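The lines below spell out each chain.
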Amino acid sequence: MYASYYKLRKEPFHITPDPEFLFLSPSHKEALGSIIYGVGHKKGFVQITGEVGVGKTTIIRSYLEEIDRSTLKIIYVFNSNVSFHGLLKTIFREMGIIDLTDDPVEMVNQLHYQLIEEYKKGITVILIIDEAQNMPVETLENIRMLSNLETSTDKLIQIVFCGQPEFERKLELKELRQLKQRIAVKATILPLTPEESRDYILHRLTKVGSEKASLFTNGALQKIVRESRGIPRLINILCENAFITAMGYRQERITPKVVKEVIADFSGKKDTRALKTSLASVVAVLLILAAVLVYTQNNREGSAAGKNVNQTMPDRTVDTTAAAPAEDGQGSTLRDAARPGAPAMRVVKKGDTLSRLTKAEYGYSNRKILMIVKENNPGIHNVDRIEIGQRILFPEMTE
């Protein structure tokens, strides 16, 4: 979408964790090092915690990208809200173990035997539990049993807990005190400092071929850094939407004004002056439409009475959302004359649907058009569902 417009190799601010863009602040380095050390030295339990959006999953995926899979078996649990029996069944399935019983105690014994066989072959089994704060207390209490699966020198299964600060608080419960004592390696990922946040943005831009901060003014960077509060996911969201908005305005750089508009959209706090200007524009358009309707009615009445009135009507109104776009001689839809050939940007309002907005923009809507719009907007996951306040880019259509 905006990558080609700004001559970038790929879009640098997707919110999906991508190890290619790994940025290691001191706390990120500590977290990655803790996993490498804890698993490599077979310490048993490793704990990584951090606030929402600081990059915990990115660190996990970066670790998995770098390791030698030939000597490891990875079991990645995404949905941690499972019973201990359900967790054991997941482990069995990932390891290719045939269930011989449904009794958890017997299943643990069966797992112990299989882990010894893997250990003899030089294979390390790693259980990664993401969103660990959602795991039931009873399941966590029983996971302690897995720490008893060991040789005289090493733990047979390495368990990495990755979760939000609530996980640490959950471990303070009396019934989990034994599990807490068994966690040998811990690390906390902190939000980025203002300087690290700026470096993070420039790092991602450099990865896609940008010339450092040339695409952002200093004022724009300062606003993004201040608003994101050091949370990488928020930085990505603000930067990506700033790119989309600036492209809609056909600007070569992201300015503080663009960032301010993006922040206002996400916070729900629009500039009062902007709202007044927008309202005045709407009123003006309505007045024009009313005049056109009266003009048309008078023309019809004059024709019915035999009057020869030669009137020239405007070929289209100035508001593409108030009336369907006009058609040219070949039947193709005309674009807004104020921005010929340019992409259009719309903010979703209450009651809007993607089909309705597409029809307002192009004069027609079908499944093919909807999918083209979806492909140009990573934030749209379902063409039948868009969110209020979402910014949607409508690309230029050539058909």
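Data block above holds the structure.
### Some points on the sheet that holds strand 1 (residues 45-50)
Reading across from one edge, 2-3-4-1-5 is the order of the five strands in this open sheet, with parallel pairing throughout. Each of the sheet's edge strands pairs with one partner strand only, and the pair in question is strand 2 (72-77) and strand 5 (183-189). Taken pair by pair, the neighbouring strands of this sheet meet at an average axis angle of 15°, ignoring direction. Looking at chain direction, strand 3 (residues 124-130) and strand 4 (residues 157-163) are connected through six bridges and run parallel. Paired with D130 across the bridge in strand 4 is C162.

### So, the environment of F21
Looking at the element boundaries, F21 is found in the loop between helix 1 (2-5) and helix 2 (26-40). If near-sequence neighbours (up to four positions away) are discounted, F21 is found in contact with K10, E11, P12, H203, R204, K207 and V208.

### Details of helix 12 (residues 256-267)
Taking 1.5 Å of rise per residue, twelve residues should cover 16 Å, and helix 12 covers 16 Å from first to last C-alpha, within 8% of that figure. Of the residues making up helix 12, those classed as buried are V258, V259, V262, I263, A264 and D265. Packing partners of the buried residues in helix 12 comprise helix 10 (218-228), helix 11 (232-248), strand 6 (344-347) and strand 7 (391-394). Just downstream of helix 12 lies G268, where phi reads positive at about 80°.

### Quick notes on unusual backbone geometry
The backbone of K7 sits at a positive phi, close to 60°, despite the residue not being glycine. Its place among the elements puts K7 in the loop between helix 1 and helix 2. With relative accessibility at 71%, the residue K7 sits in the exposed group.

### Some remarks on the packing of aromatic side chains
Summed over the entire model, instances satisfying the criterion amount to ten aromatic pairs. Geometrically, the ring pair formed by Y2 and F243 is stacked, given 4.7 Å between the ring centres and 5° between the ring planes. You can see Y2 sitting in helix 1 and its partner F243 sitting in helix 11, a full 241 residues away along the chain. Neither residue differs from the other here; Y2 and F243 are each classed as buried. Summarising the aromatic geometry, the rings of Y5 and Y6 are spaced 4.9 Å apart at their centres and angled 80° between planes, so their arrangement reads as edge-to-face. Linked through ring pairs, Y2, Y5, Y6, F13, F216 and F243 together constitute an aromatic cluster.

### Section: the environment of T58
Tracing the chain through its elements places T58 in helix 3 (residues 56-66). Through-space distance from the C-alpha of T58 to that of E20 is 9.7 Å; in sequence the pair is 38 residues apart. Setting aside its immediate chain neighbours within four residues, T58 contacts P17, D18 and L22.

### A word on the pattern of salt bridges
Counted by the stated rule, this structure contains 15 salt bridges. In this structure, R385 engages E387 in a salt bridge whose closest nitrogen and oxygen atoms are separated by 3.5 Å. Owing to a relative accessible area of 43%, E387 belongs among the partly exposed residues under this scheme. A network of salt bridges, in which partner residues are shared, links R9, K10, D18 and E20.

The rules we used
- Residues numbered from 1 in each chain as written.
- Predicted model: local features only at pLDDT ≥ 70, side-chain atom pairs only at ≥ 80, totals over all residues.
- Heavy atoms only, no water.
- Pairing = 2+ DSSP bridges.
- Helix = DSSP H or I, 4+ residues; strand = E, 2+ residues; numbered from the N terminus.
- Axes fitted to C-alpha atoms, helices over the stretch in contact; angles between N-to-C directions.
- Contact = heavy atoms within 4.5 Å.
- Expected span 1.5 Å × (residues − 1).
- Buried < 20%, exposed > 50% of the residue type's maximum accessible area, 1.4 Å probe, protein only.
- Phe/Tyr/Trp six-rings, centres within 6.5 Å; stacked < 30°, edge-to-face > 60°.
- Salt bridge = Lys/Arg side-chain N within 4 Å of Asp/Glu carboxyl O.

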